[in-house]
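Understanding the architecture of this molecule
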Amino acid sequence: ESIKSLEEALKFVKKDSEFEGQLKVEIAVAVMLDGMFTPVVDERKLLQSFQILKEVALNENYPAKTRSRALTRIADFMTNHFSSRLPEIAEKTVFTGPIFADFIKEKSAYVAIGQVYELAANLFPNPVAEYRAAHSFAEALFTDKNLSKEIFLTQNIFRNKFSR
């Protein structure tokens with residue numbers, strides 16, 4: 001019901017406006033939660049949700065704050081809800097397409113998620129995203145002893161691909 005209300009409201013807002021971006025983030029969250037709380041997780045809804053969030057994050061017409069929020073939501077859902085299936089869900093739904101595919105190349109899912117948080121913080125000041133990026137990198141080091149400090153050198157990779 002809430003998804004339909006949000007989608008209806010979306011029809012009345014200006015294209016590429018801040019409010020449109022915010023509504024899309026809320027729709028994505030509602031779709032995600034709707035797909036998660038079923039007897040079997042509805043992966044189509046997860047994919048739809050991540051696609052909406054990625055669309056908002058990549059749209060340079062939206063304010064940096066809105067794009068940062070979309071990126072933070074992507075990373076939050078990955079770390080908070082899919083930890084047992086993180087690599088599978090990450091490679092299948094999140095880390096595909098422009099820019100996002102580059103995050104996962106030769107890296108663990110935790111490092112990639114840390115990079116998503118870093119990008120969110122680089123787009124718009126976001127101490128929560130910065131803290132969570134550090135946590136993701138620590139989790140990566142904890143789960144894979146072969147990773148070295150080099151994972152921290154990745155923080156500048158995507159800064160030039162997004163504008164503030």
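Note that this is a predicted model, so its numbers are computed, not measured. (Residues numbered from 1 in each chain as written. Predicted model: local features only at pLDDT ≥ 70, side-chain atom pairs only at ≥ 80, totals over all residues. Heavy atoms only, no water.)

1. What about the overall build of the protein chain?
The cut-off we apply is this: Helix and strand definitions follow DSSP, with helices as H or I runs of at least four residues and strands as E runs of at least two, each counted in order from the N terminus. Exposure classes here rest on a 1.4 Å probe applied to the protein chains alone. A residue is buried below 20% of its type maximum, exposed above 50%, and partly exposed in between. Throughout, a contact is declared for two residues whenever any of their heavy atoms are within 4.5 Å. Throughout, the Shrake-Rupley method with a 1.4 Å probe supplies accessible areas, and for residues the shown protein chains are the sole cover considered.
A count of helices and strands for the protein chain gives eight helices and zero strands. Tracing the protein chain from N to C terminus, the helices and strands come up as α-α-α-α-α-α-α-α. Scored against the burial criterion, the 164 residues of the protein chain give a buried share of 46%. A separation of at least 24 residues holds for 60% of the contacts in the protein chain among residues at least 6 apart in sequence. Total accessible area on the protein chain is roughly 8,900 Å²; 55% of this is exposed by carbon and sulfur atoms.

2. Here we look at the pattern of salt bridges
Put simply, the test is: Put simply, a salt bridge is a Lys or Arg side-chain nitrogen that is within 4 Å of an Asp or Glu carboxyl oxygen.
In this structure the tally under the stated criterion is five salt bridges. Between Glu-55 and Lys-24 there is a salt bridge, and its shortest N-O distance comes to 2.5 Å. In this pair, Glu-55 sits in helix 3 (residues 43–58) while Lys-24 sits in helix 2 (residues 18–36), placing the two residues 31 residues apart along the sequence. Of the charged contacts in the structure, one is a salt bridge between Arg-132 and Asp-76, with a shortest N-O distance of 2.8 Å. Taken together, the positions of Arg-132 in helix 8 (residues 127–143) and Asp-76 in helix 4 (residues 64–81) put the pair 56 residues apart, joining distant regions of the chain. The exposure class of Arg-132 is partly exposed, given its relative accessible area of 30%. You can call Asp-76 buried: its relative accessible area is 12%.

3. Observations concerning the nonpolar core
Worth spelling out the cut-off: Residues enter a nonpolar core if they are buried and are Ala, Val, Leu, Ile, Met, Phe, Trp, Tyr or Cys, with the set joined through side-chain atoms within 4.5 Å.
Phe-50, Leu-71, Met-78, Phe-95 and Phe-103 are the most contacted members of the largest nonpolar core, which has 45 residues in total. Elements that contribute at least two residues to this core include exactly helix 2, helix 3, helix 4, helix 5 (86–94), helix 6 (100–104), helix 7 (109–123) and helix 8. Examining the composition of this core, we find that 11 residues originate from one element, helix 7, more than from any other.

4. Structural notes on the packing of helix 1 (residues 2–10) against helix 2
Stated precisely, the cut-off is as follows: What counts as an axis is a line fitted to C-alpha atoms, over the stretch in contact for a helix, and the angles between N-to-C directions run from 0 to 180 degrees. Every angle not falling under 35 degrees, over 145, or within 65 to 115 is termed oblique; those three ranges are roughly parallel, roughly antiparallel and roughly perpendicular. Left-handed describes a crossing in which the near helix is turned anticlockwise from the far one by less than a right angle; the clockwise case is right-handed. We call Asp, Glu, Lys and Arg charged. Ala, Val, Leu, Ile, Met, Phe, Trp, Tyr, Cys and Pro are nonpolar, and the rest, Gly among them, are polar.
Where helix 1 contacts helix 2, the axes come no closer than 9 Å and their chain directions differ by 160°. The angle between the axes of helix 1 and helix 2 places the two elements in the roughly antiparallel class. For the element pair helix 1 and helix 2, the recorded crossing hand is left-handed. Listed contacts from helix 2 to Ser-2, Ile-3, Leu-6, Glu-7, Ala-9 and Leu-10 of helix 1 are Glu-20, Leu-23, Lys-24, Glu-26, Ile-27, Ala-30, Val-31 and Asp-34. A breakdown of the residues in the contact of helix 1 with helix 2 according to their chemical character gives eight nonpolar, one polar and five charged.

5. Regarding the side chain of Lys-24
Lys-24 sits in the buried class, given a relative accessible area of 12%. Beyond its immediate chain neighbours, meaning those up to four positions away, Lys-24 contacts Leu-10, Ile-52, Glu-55, Val-56 and Tyr-62.

6. Comments concerning unusual backbone geometry
The phi dihedral of Ile-99 falls on the positive side, at around 65°, and the residue is not glycine. The topology assignment puts Ile-99 in the loop between helix 5 and helix 6.

7. Details of the environment of Phe-124
Counting through the fold element by element, Phe-124 comes out in the loop between helix 7 and helix 8. The spatial distance from the C-alpha of Phe-124 to the C-alpha of Ser-68 is 6.0 Å, given a sequence separation of 56 residues. Look past the residues within four positions of Phe-124 in its chain and what remains in contact with it is Ala-64, Lys-65 and Ser-68.

8. A few points about the confidence of the model for the protein chain
Definition in use: Predictor confidence is given residue by residue as pLDDT, running from a minimum of 0 to a maximum of 100.
Taken over all residues, the pLDDT of the protein chain has a mean of 79, while the share at 70 or more is 80%. The low-confidence segment residues 155–164, where pLDDT is below 50, has 25 contacts with residues more than four positions distant or belonging to other chains.

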